[in-house]
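# Survey of secondary and tertiary structure
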Amino acid sequence: MNLMNYVELLTRFLFDLGAMLILIFLIYYPRYKHKETAISAALFNIFIFAVLAILSNLEFGMAAGFGLFAILALFTLRSEPISKSDMAYFFGSISIAVISAIDGTSLTLTAMLTAAVLLGVFIIDHPEILKSVNQIDVKLDSIPENFMSNPEGFKTLLSERLGVEVLSYRVRSVCYVTEVIQAEVDFRPK
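Residues numbered from 1 in each chain as written. Predicted model: local features only at pLDDT ≥ 70, side-chain atom pairs only at ≥ 80, totals over all residues. Heavy atoms only, no water.

## Examining the confidence of the model for the chain
Put simply, the test is: Each residue gets a pLDDT score, which is the predictor's confidence in that residue and runs from 0 to 100. Secondary structure elements are taken from DSSP: a helix is a run of H or I of four residues or more, a strand is a run of E of two residues or more, and numbering for both begins at the N terminus.
Overall, the predicted model of the chain reaches an average pLDDT of 85, with 86% of residues at or above 70. Taken element by element, the chain is modelled with least confidence in helix α3 (residues 62-78), mean pLDDT 62, and with most confidence in helix α6 (residues 151-162), mean pLDDT 93.

Structural data, given as structure tokens:
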């Protein structure tokens, strides 16, 4: 590896680092405030960049790349569940590392693709475009009469008990022995 290759690798790393910082700490963290996910996504970005920078200088086939993502998928299956938006930002951070680290693409193409990713995330997840909706898992200690045949009534009951505007809900489980309903509730503060 000659000096020009090191300069290009350093340029790619600085570009990756800048894009990841924008994605995670200027877009994701101010919106979601999930410190652990932000740190994990940022560190994974750096780790993936380092691994791919080494592998791109070796004989590295497409199958090995898919193997790498399969390992990441297994990792996510074995860890505690995170929300879909957190997972999307996590994958976005990894994607920026992959785009930036793979040798053989021009820096111009790398910059354009990364800018497109960041712009897409900024627009699609902008709070003014899709109004913010919160989600919570709720366990009720009683089963209302006819809650399955009257979904609007159950939604109204949830709104009253939680003191929020319930937009939708999904019943996860019902146990008539313990008189417990578990539901996932999407809501907005009133």
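## Topic: the pattern of salt bridges
Worth spelling out the cut-off: When a carboxyl oxygen of Asp or Glu lies within 4 Å of a side-chain nitrogen of Lys or Arg, that pair is called a salt bridge. Each residue is placed in one exposure class: buried if its accessible area under a 1.4 Å probe, protein chains only, is under 20% of its type's maximum, exposed if it is over 50%, and partly exposed if it falls in between.
Enumeration according to the criterion identifies six salt bridges in this entry. Ionic pairing is found between Glu-8 and Arg-12, a salt bridge with its closest N-O pair at 3.0 Å. Of this pair, Glu-8 and Arg-12 both sit in helix α1 (residues 3-32), four residues apart, which is roughly one turn of the helix. Residue classification places Glu-8 among the partly exposed residues on the basis of a relative accessible area of 28%. The class for Arg-12 is buried, based on a relative accessible area of 3%. Salt bridges sharing common partners tie together Arg-170, Arg-172, Glu-184 and Asp-186.

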